[in-house]
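Overview (structure and organization)
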Amino acid sequence: MAGSWLLGPDAGAQGERRTAVLMAVRGDDGAADSGPGSLTSLTELRRLADTDGLTVADEVVQSRSHPDPATYVGSGKVDELAALAERAHADLVIADGELTPGQVRNLEERIGVRVVDRTALILDIFAEHARTSEGRVQVELAQIAYQLPRLRGGGRTMSRVGGGRTAGGAGMGVRGPGEMRLETQRRTLRQRATRLRRNASELARRRERTRSRRARNQVPSVSITGYTNAGKSALLNRLTGADAQVEDVLFATLDPTVRRISAGELTYTVTDTVGFVRHLPHQLVDAFRSTLEEVTRSDLALHVVDASAPDALDQITTVHGVLHEIGASDVPELLVLNKIDVAPSEWVDALCRVHPDAVAVSARTGAGIDYLRAELARRLRHH
């Protein structure tokens, strides 16, 4: 069920799935690449919406070189979008890109329903899936970082996103009590962010102490990283006998899980980390930096790839981009091609040709796991 941060405090009151319409701007050439508005990106946006408990009724795609600065898709497409949203009884319109406060205000006034962007949708999913105190702190920090610059331009309610926690007040140009409410809201959010950052710092120090103990005891560490829904948690469970949550949804696991493995005289830890996605909001990268440092401090990064995904190579590129952003580019990497039980054999063969050192496995059936364990032990002994 879509969370209150996205749809407001009554989001889950009725108990039914809400309906959404997607909108995107695609380059004039219509190329099916991985950029915003591409076929691949829109398919992923549908999956993100489904993960957040939304039913996608339809989508509107505008072909133009750049988003319209006022309405994102252009005035004519907005009329089409409004008619479609009315016919579908849509509760929400989601843009496959990042919207400015002005675009949100203009679209909502003309369409008559709540309008959000891809970043807000991902933040809502994270808010619903965070389980530990550290995960919840990191997600709320990311939400506040997203919300603050949008308070000024969100119209009558400042920003429709965050209605459950942060709505109220008035927009830019309002005098008197409305302007005071806006300043009060901004100050409240900043104070809350300060408290959250203190909590996050303490949690990060605890994590660092744990890492330091492992380092003093000379326990090698492996971090499982990769695209969301590539099967990282399932692989952790298969390797270690852990019971990490496994679901066929995006971002099922946000909170790191650490387990020990013994291979003869060698003992090492394996940590499951948050998955990545295209256009991962920079607010999330910043908020989850202490968690992602599990990758930067590890002796080996186990990069799990969904071999059954048509865009597997693009996903590998996306993950490498985020690893570079967090300073983990120099960590030795072992590429693991997962889901070979459902992937076409020619796809697996093609990936192996591009990445000849990759290990092909199935976390579901156990195929290739023994070889993977042996390869992990070999690399860690010589690290």
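Look up a bit, the structure's there.
Next up on the list: the environment of Val73. Within the element layout of this structure, Val73 appears in the loop between β2 (54-63) and α3 (75-88). Filtering out sequence-adjacent residues up to four positions away, Val73 remains in contact with Met23, Ala24, Val25, Gln62, Arg64, Asp68 and Val78.

Its place among the elements puts Thr317 in helix α12 (residues 312-325). Classification of Thr317 as exposed rests on a relative accessible area of 54%.

We now examine the sheet that holds strand β6 (residues 257-263). Pairing in this open sheet of 6 strands is mixed, and the strands run β6-β7-β5-β8-β9-β10 from one edge to the other. Each having just a single partner strand, β6 and β10 (359-360) make up the two edges of the open sheet. Pairing geometry for strand β5 (residues 221-226) and strand β7 (residues 266-272), over 4 bridges, is parallel. Directly across from Ile224, in β7, lies its bridge partner Asp272.

A word on the packing of aromatic side chains. Per the counting criterion, the structure on display carries 0 aromatic pairs. Directly above the ring of Tyr146 sits Arg150, whose terminal nitrogen or CZ lies 3.7 Å from the centroid.

A separate point is the nonpolar core. Counting 39 residues, the largest nonpolar core has Leu54, Ile94 and Leu121 as its most contacted members. At 6 residues, helix α5 (residues 118-129) tops the list of elements feeding residues into this core. Filtering out sequence-adjacent residues up to four positions away, Ile94 remains in contact with Ala20, Val21, Leu22, Met23, Leu45, Ala49, Leu54, Val116, Asp117 and Leu121. Val222, Tyr268, Val336 and Ile369 belong to the second largest nonpolar core, which has 23 residues in total.

The rules behind each value
- Residues numbered from 1 in each chain as written.
- Predicted model: local features only at pLDDT ≥ 70, side-chain atom pairs only at ≥ 80, totals over all residues.
- Heavy atoms only, no water.
- Helix = DSSP H or I, 4+ residues; strand = E, 2+ residues; numbered from the N terminus.
- Contact = heavy atoms within 4.5 Å.
- Buried < 20%, exposed > 50% of the residue type's maximum accessible area, 1.4 Å probe, protein only.
- Pairing = 2+ DSSP bridges.
- Phe/Tyr/Trp six-rings, centres within 6.5 Å; stacked < 30°, edge-to-face > 60°.
- Lys NZ or Arg CZ within 6 Å of the ring centre and 35° of its normal.
- Core = buried A, V, L, I, M, F, W, Y, C linked by side-chain atoms within 4.5 Å.

Shape descriptors only; they carry no functional weight alone.
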